[in-house]
Structures are given as C-alpha cells and as structure tokens.
2 protein chains.
Amino acid sequence: MPPEDRPLRADAERNRRRLLEAAQAVFCERGLDAGVAEIAQRAGVGRGTLFRNFPTKQDLIAAIVVERMREAADHGRTLLDASDAAAAMFGFLDEMVGRQQLDRALFDAVADTWLANDEIRAAHAEVIGVLDELLRRAQESGDVRADVGAVDVLMLLKGVCEAASAFAQVDPAMVTRHLDLVRASLAAPAATPLRGRPPTLADVERGLPKPPATRAAS
Amino acid sequence: MPPEDRPLRADAERNRRRLLEAAQAVFCERGLDAGVAEIAQRAGVGRGTLFRNFPTKQDLIAAIVVERMREAADHGRTLLDASDAAAAMFGFLDEMVGRQQLDRALFDAVADTWLANDEIRAAHAEVIGVLDELLRRAQESGDVRADVGAVDVLMLLKGVCEAASAFAQVDPAMVTRHLDLVRASLAAPAATPLRGRPPTLADVERGLPKPPATRAAS
DNA sequence: ACCTGAACACCGTTCAAGT
DNA sequence: ACCTGAACACCGTTCAAGT
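Everything quoted here is computed from the prediction, not taken from an experiment. (Residues numbered from 1 in each chain as written. Chains lettered and ligands numbered in written order. Predicted model: local features only at pLDDT ≥ 70, side-chain atom pairs only at ≥ 80, totals over all residues. Heavy atoms only, no water.)

(A) Here's a closer look at the overall build of chain A. Helix and strand counts for chain A come out as 10 helices and zero strands. Across the 218 residues in chain A, those meeting the buried criterion constitute 46%. Sequence-distant contacts in chain A: of pairs separated by 6 or more residues, those separated by 24 or more amount to 70%. (Helix = DSSP H or I, 4+ residues; strand = E, 2+ residues; numbered from the N terminus. Buried < 20%, exposed > 50% of the residue type's maximum accessible area, 1.4 Å probe, protein only. Contact = heavy atoms within 4.5 Å.)

Shown next as structure tokens:
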C-alpha cells in the first residue's frame with residue numbers, strides 16, 4: 001500500500017480512470033446489479049485490478065456518487081450570485097433531480113452507502129453547504145419561508161428524486177409537478193409554522209444505517 | 001402444480017404461514033440481505049419448501065409487502081366516515097409512515113419489486129383507491145387544494161417515507177416536521193396552480209422498472 | 001402431494017504467480 | 001509497484017430421492 005498521497009504510477013492512474021468510466025457506463029445501462037466482471041472487461045483490466053483500486057464494489061459505486069455530488073455542488077456555487085435568489089435555489093433543485101434521472105441507479109445507491117463512507121460524507125456536507133447558502137439568500141429575499149433549513153429542503157428533494165425514479169421517466173412533467181408542490185410547501189409566508197427545529201447536518205450523520213456488520217461477530 | 005384455488009394440504013398451509021412469519025422477523029432484524037437459509041431454518045422447513053411456496057426470494061418479500069398494504073388499506077377505510085376529512089387523510093398518511101418505520105426493509109423493497117408483481121399491483125391500486133376517497137372528501141371540505149390527485153399525494157408520501165428511513169429514526173420529530181411540509185404543500189387555497197394534470201394510476205403502471213431481464217436473452 | 005438437503009450456478013473477493 | 005486470472009466463499013435456486 002503506497003503512502004497516502006504519492007501519485008499513482010502512470011498506467012495505474014489510467015486504469016483507475018478507465019474503471020470509473022466503464023463502471024459508470026455499465027451501471028447506467030444494466031443497473032447496479034451488473035457484475036464487476038463486465039466492468040473490468042470493459043475497462044480492459046483484470047478483476048484483481050478493480051479490487052486493488054476499489055476494495056469493494058460499494059467503494060466503486062461510492063467513488064462515482066462522490067464525483068456527481070461534487071459536480072452538483074460546483075454547479076450550485078455558480079448560482080450563488082444570481083439576481084433572483086429563490087429562482088436560483090429552485091434551479092439548483094431542478095438540476096439535481098435531472099442529474100439523478102440520467103443514471104438513477106447511482107443515486108439509488110446513496111440510500112445504501114449513504115453516510116457509511118467518509119468521502120460520501122464529505123461530498124454530502126459540501127452539497128448541504130451550498131444549498132444552505134442558496135436557501136439563506138432565498139429566505140432573505142422573502143420568497144421562501146424562514147423556518148426551514150437546508151436539510152429540510154434536501155429531504156424534500158430526496159422525495160422528489162425517489163418519486164421521479166419510481167415512475168417519472170414516463171413523463172418528465174410529473175417531476176415538474178412534484179417540484180411545484182415542493183415550491184408550495186416552501187413558499188412564504190407560511191400559513192402554519194413547522195413543529196420542531198430544523199434538522200442539522202449532525203442530526204443526519206447520527207442517523208446512520210446499521211453498522212457494517214462485519215462477518216467477524218462471534 | 002395444483003389447480004389455482006384448491007386449498008393446500010394442512011401441513012403445507014402451516015408451512016406457508018410459518019415461512020411468512022419467519023421471513024418477516026428475519027427481514028426485520030437483519031434486513032433484506034438476510035439469507036433464505038436462515039428463514040427456512042427459523043420456520044423449521046427445508047430450503048426447498050421455501051421455494052415451493054415462493055418461487056423466488058423476491059416473491060417472498062412481495063407476499064409480505066402485499067399483506068402490509070392490505071392492512072393499510074383496511075385501516076384507511078375505517079377513516080372514511082370521520083367528521084374532519086382533512087384530519088382523517090393526514091392521519092392515514094401518518095399511519096403509513098409509522099408502519100414503514102416499523103420494518104423499513106420491507107418498504108425499501110417496494111421500490112425494487114414495485115409493480116413488477118401482479119399482487120403488489122392489485123394491493124397498490126387498493127391503497128390508491130382508499131386514498132382517493134379520503135382525498136376527495138378532504139377537498140370537498142375545502143381544507144385541501146383541489147388540483148392534486150391521489151397519486152400526487154402518494155408521491156409526496158413516498159418522499160416522506162424515504163426521508164424517514166434515511167435518518168429519522170434518530171428523532172421521530174423529523175417525520176412530523178416533514179409531514180407538516182407536505183401539509184403546507186397541499187393546503188387550500190393554492191397560491192399558484194400546479195402545472196400539468198394529476199397523474200393517474202395508469203401513468204404509474206406504465207412507468208415500470210426495466211423488464212425482469214430474464215437470462216434467456218440470446 | 002409435499003418435503004428435504006445435496007448439488008449447481010452465479011458473482012464478489014482473494015491471492016499466488018507473473019512483469 | 002502493479003497486473004492477472006484461477007481459485008474460493010457465499011447464497012439463491014433446482015432437483016432427484018424420499019415420505
């Protein structure tokens with residue numbers, strides 16, 4: 001195992017890239033149940049090489065998810081200085097839903113892998129950070145109710161994604177419609193206040209899925 | 001294979017019951033990844049018997065999900081003559097979220113199995129039918145916006161369930177809060193109308209997951 | 001008519017041998 | 001330092017033999 005940050009040997013680096021690309025394509029076409037054998041073959045490497053780069057299939061999936069989340073966060077940052085703050089935030093939500101419809105298999109995985117993986121955790125925090133700023137601006141503009149937090153909005157978004165991946169590919173209009181409902185729930189002024197306090201990132205990270213359950217238990 | 005409706009032999013019927021109970025318990029404790037071996041053992045039968053009753057592990061899961069959906073529909077019907085129609089509908093939504101939190105593994109499965117299975121399809125239609133009536137009454141009472149349909153509401157509900165199973169077991173207040181947001185999105189009068197038309201049951205059933213992909217393809 | 005468990009197929013993962 | 005593919009382990013599913 002090479003020290004943490006030393007750059008990979010040129011061919012190794014290339015293999016890693018190829019594996020990520022192949023995995024992305026295969027998962028997109030065949031779903032997450034696609035075998036690692038196909039991915040390795042498509043990347044032109046042996047199965048062993050796959051597991052050298054990604055100790056587990058889950059890690060391979062996680063690596064792709066992280067890439068996507070980072071892209072989303074980047075896009076969100078470009079919206080930070082838009083004139084219409086509320087439109088910017090909803091545009092961000094739109095984008096994220098669209099992204100997940102491209103290859104829904106990947107985002108299905110987030111539910112499983114979720115925050116068990118450190119890199120996903122970091123990327124996730126990054127997305128929440130951007131959304132938090134977009135939301136704050138929209139609230140300051142008076143178009144979005146003041147008693148919601150970024151995690152609230154992300155929960156709603158996850159709901160839209162879920163519904164979208166369930167059956168909205170038939171008709172993208174359904175996604176638009178569902179987003180309209182989310183917009184309505186976030187509109188200011190709020191008719192009745194929300195109970196409880198806005199969940200924090202810490203709340204989310206505390207609610208981890210059951211521990212990895214390593215087969216080592218006696 | 002016995003003719004469709006002939007009652008099973010007494011011991012066979014008992015084995016079927018035991019399998020369902022064992023499966024429910026095991027899935028609840030260990031999640032859907034639990035092995036069929038453990039289920040068969042817990043039920044006190046051989047693995048072959050399991051597959052005689054449920055041709056595939058998915059079918060076993062589906063059978064449990066169908067049971068739960070039927071229970072939910074039954075409960076919904078008891079709410080049909082409540083005095084406060086809106087409260088009745090939201091009570092129904094509450095119940096369904098609570099149910100899915102009991103053993104979330106099962107409802108996670110609905111996303112996979114979803115409408116691929118005929119029995120699930122029927123039970124699903126039943127739930128939508130009840131929800132449709134609850135909704136209609138709530139709309140007539142003037143407390144719920146008129147431009148949403150039962151499928152819209154079910155989509156929102158699925159979002160809540162998703163969010164709940166992701167991290168709400170830490171604090172049930174989060175679910176309450178999310179339901180408050182759903183309530184806000186459904187409140188009458190609607191500030192801005194929804195785009196598109198309410199999705200129908202047919203729309204949902206058209207949006208099936210990729211075909212079973214039987215390994216028979218040449 | 002139904003039950004059983006050994007055997008099979010499939011797929012994620014490891015590792016000894018190579019370069 | 002990295003690659004490879006045969007071998008292993010695990011688990012869903014089948015089926016020949018039993019009652």
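(B) Up close: the side chain of Arg145(A). Residue and element names in this part refer to chain A. With respect to the helices and strands, the residue Arg145 is situated in the loop between helix H7 (118–140) and helix H8 (150–167). Among the polar contacts made by the side chain of Arg145, one reaches the main-chain carbonyl oxygen of Ser185 at a distance of 3.1 Å. There is a polar contact of 3.1 Å between the side chain of Arg145 and the backbone oxygen of Thr192. (Polar contact = N/O pair within 3.5 Å; in protein donor to acceptor, adjacent residues only side chain to side chain.)

(C) Region of the structure containing the confidence of the model for chain A. For chain A, per-residue confidence averages 85 on the pLDDT scale, and 83% of positions sit at 70 or higher. Counting contacts from residues 210–218 of chain A, a segment whose pLDDT is below 50, to residues more than four positions away or on other chains yields zero contacts. (pLDDT = per-residue confidence, 0-100.)

(D) Structural view of the protein's contact with DNA strand C. As a matter of local geometry, DNA strand C sits amid 19 residues, with Thr56(A), Lys57(A), Asn15(B), Gly46(B) and Thr49(B) nearest to it. Protein-proximal atoms of DNA strand C, defined as those within 4 Å of the protein, fall in sugar or phosphate at a share of 70%. At a separation of 2.6 Å, a phosphate oxygen of DNA strand C approaches a polar side-chain atom of Thr56(A). The side chain of Asn15(B) places a nitrogen or oxygen atom 2.3 Å from a phosphate oxygen of DNA strand C. (Near = heavy atom within 4 Å.)

(E) Structural view of the protein's contact with DNA strand D. Taken together, 21 residues sit near DNA strand D, with Asn15(A), Gly46(A), Thr49(A), Thr56(B) and Lys57(B) positioned nearest. When atoms of DNA strand D within 4 Å of the protein are sorted by moiety, sugar and phosphate together comprise 68%. In this structure, Asn15(A) approaches DNA strand D through a side-chain N or O atom, which is 2.3 Å from a phosphate oxygen. In this structure, Thr49(A) approaches DNA strand D through a side-chain N or O atom, which is 2.9 Å from a phosphate oxygen. Elements represented by at least two residues in the surface near DNA strand D include exactly helix H1 (10–30) and helix H3 (47–53) of chain A together with helix H3 (47–53) of chain B. The leading source of residues in the surface near DNA strand D is H3(A), at four residues. Of the residues contributing to the surface near DNA strand D, the split by class is six nonpolar, seven polar and eight charged. (Nonpolar A, V, L, I, M, F, W, Y, C, P; charged D, E, K, R; others polar.)

(F) Fine view of the pattern of salt bridges. Residue and element names in this part refer to chain B. With the rule as written, the count across this model stands at 33 salt bridges over all chains. A salt bridge links Arg42 to Glu29, with the shortest nitrogen-to-oxygen separation between them at 2.9 Å. Of this pair, Arg42 sits in helix H2 (residues 36–43) while Glu29 is found in helix H1 (residues 10–30), placing the two residues 13 residues apart along the sequence. Here Arg70 ties to Glu126 by a salt bridge, and the two come within 2.9 Å at their closest N and O atoms. (Salt bridge = Lys/Arg side-chain N within 4 Å of Asp/Glu carboxyl O.)

(G) Structural view of helix H4 (residues 57–78) of chain A. In this model H4(A) runs 33 Å from its N-terminal to its C-terminal C-alpha over 22 residues, within 8% of the 32 Å that 1.5 Å per residue would give. For H4(A), every residue scored as buried is listed here: Leu60(A), Ile61(A), Ala62(A), Ala63(A), Ile64(A), Val65(A), Val66(A), Arg68(A), Met69(A), Ala72(A), Ala73(A) and Gly76(A). (Expected span 1.5 Å × (residues − 1).)

(H) Highlighting the packing of helix H4 (residues 57–78) of chain B against helix H7 (residues 118–140) of chain B. Residues and elements named next belong to chain B. At a minimum axis distance of 9 Å, the contact between H4 and H7 shows a crossing angle of 20°. Comparing their axes, H7 and H4 come out roughly parallel. With respect to the hand of their crossing, H4 and H7 are arranged in left-handed fashion. Note on element contacts: H7 touches H4 through Glu119, Ile120, Ala122, Ala123, His124, Glu126, Val127, Val130 and Leu134, opposite Ala62, Val65, Val66, Met69, Arg70, Ala73, Asp74, Gly76 and Arg77. In terms of residue class, the contact of H4 with H7 is made up of 11 nonpolar, two polar and five charged. (Axes fitted to C-alpha atoms, helices over the stretch in contact; angles between N-to-C directions. Parallel < 35°, antiparallel > 145°, perpendicular 65-115°, else oblique. Left-handed = near helix turned anticlockwise from the far one by under 90°.)

(I) Summary view of the nonpolar core. Grouped together as the largest cluster of nonpolar side chains are 63 residues, with contacts concentrated most on Ile39(A) and Leu186(A). Elements represented by at least two residues in this core include exactly H1, helix H2 (36–43), H4, helix H5 (85–102), H7, H8 and helix H9 (173–186) of chain A. When residues in this core are grouped by element, the largest group, 10 residues, is from H4(A). The contact partners of Ile39(A), leaving out residues within four places of it in the chain, are Leu19(A), Ala22(A), Ala23(A), Val26(A), Phe27(A), Leu50(A) and Leu60(A). With 62 residues, the next largest nonpolar core counts Val26(B), Phe27(B), Ala34(B) and Leu80(B) among its residues. (Core = buried A, V, L, I, M, F, W, Y, C linked by side-chain atoms within 4.5 Å.)

(J) Structural context of unusual backbone geometry. A cis amide bond links Ala188(A) to the next residue, Pro189(A), at an omega of 0°. Along the chain, the position of Pro189(A) falls in the loop between H9 and helix H10 (201–206).

(K) Expanded view of the state of the cysteines. Under the definition given, this model contains zero disulfides over all chains. With no disulfide of its own, Cys161(A) lies 15 Å from the sulfur of Cys28(A), the closest cysteine sulfur. (Disulfide = S-S within 2.5 Å.)

(L) Structural detail: the environment of Val182(A). Residue and element names in this part refer to chain A. Here Val182 lies in helix H9. Taking the relative accessible area as the measure of exposure, Val182 reaches 4% and is therefore buried. Filtering out sequence-adjacent residues up to four positions away, Val182 remains in contact with Leu156 and Val160.

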